[in-house]
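Fold and geometry: a report
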Amino acid sequence: QVQLVESGGGLVQPGGSLRLSCAASGSIPRRTVMGWYRQPPGKQRELVAAIASSGSTNHADSVKGRFTISTDNAKNTVYLQMNSLKPEDTAVYYCNTFGGSIYQPWGQGTQVTVAS
C-alpha cells in the first residue's frame, strides 16, 4: 500500500517561490508516471505536471516556464519547484500517479496561498 505525503506549501507573495515535496512510503512500480495536481478553491482538481520514469516531463500551459517537476528515486520523492508564483496558483497541491491507477486515498495535500 503506497501512501503519499505532500509538504512544502505556505503563504508566499506574488513573484515568490516554493518547493513542494511528495514522499512516497512503499515501493512505486518502476514505470509509474507521477504527477502533481492542484485544486483551487471551488474548482475541480487539475493536473499541473507529470514525470515519467524516463525523466520525460510535461507541464500544463498555465505553469510552463515557471514550475518544474522532478524526482529523486533514491528518496522515493517527487518535487515541484514553483517560481514566479501568481495569485491564481493558490490551491491545495497533491501528488499521485498519472495515466494509471490512482493511489487511494489521496494524500492530505499541501496548501499554497499566493497573496500580497
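Values in this document were obtained by computation on a predicted structure and should not be read as measured data.

All right, on to the pairing of strand 1 (residues 3-7) then. Only one face of strand 1 is buried, namely the one carrying Leu4 and Glu6, since none of Gln3, Val5 and Ser7 on the opposite face is buried. Note that strand 1 and strand 3 (residues 18-25) share 5 bridges and pair antiparallel. For Val5, the partnering residue across the bridge sits in strand 3 and is Ala23.

The next point concerns the pairing of strand 3. In this sheet, strand 8 (residues 77-82) lies alongside strand 3 in antiparallel orientation, the contact comprising 6 bridges. Bridge pairing in strand 8 places Arg19 opposite Gln81.

Moving on, we get to the sheet that holds strand 1. Read across the sheet, 4 strands follow the order 1-3-8-7 without closing on themselves; strand pairing throughout is antiparallel. Every other strand in the sheet has two partners, leaving strand 1 and strand 7 (67-72) as the edge strands with one partner each. For this sheet the average axis-to-axis angle between neighbouring strands, irrespective of direction, equals 15°.

Scoring rules and cut-offs
Going along each chain's sequence as written, the residues are numbered from 1 onward. Given that this is a predicted model, residues contribute local features only at a pLDDT of at least 70 and side-chain atom pairs are listed and counted only at 80 or more, while totals for whole chains, interfaces and linings are drawn from all residues. The basis for the side-chain values is all heavy atoms of the structure; hydrogens and waters are excluded. Each residue gets one of three labels from its accessible area relative to the maximum for its type: buried under 20%, exposed over 50%, partly exposed in between, using a 1.4 Å probe on protein chains only. In DSSP terms, a helix is any run of H or I states spanning at least four residues, a strand is any run of E spanning at least two, and both are numbered starting from the N terminus. Following DSSP output, two strands are said to pair if at least two bridges run between them. Orientation is described by axes fitted as lines to C-alpha atoms, over the contacting stretch for helices, and by angles from 0 to 180 degrees between their N-to-C directions.

These figures capture arrangement, not role.
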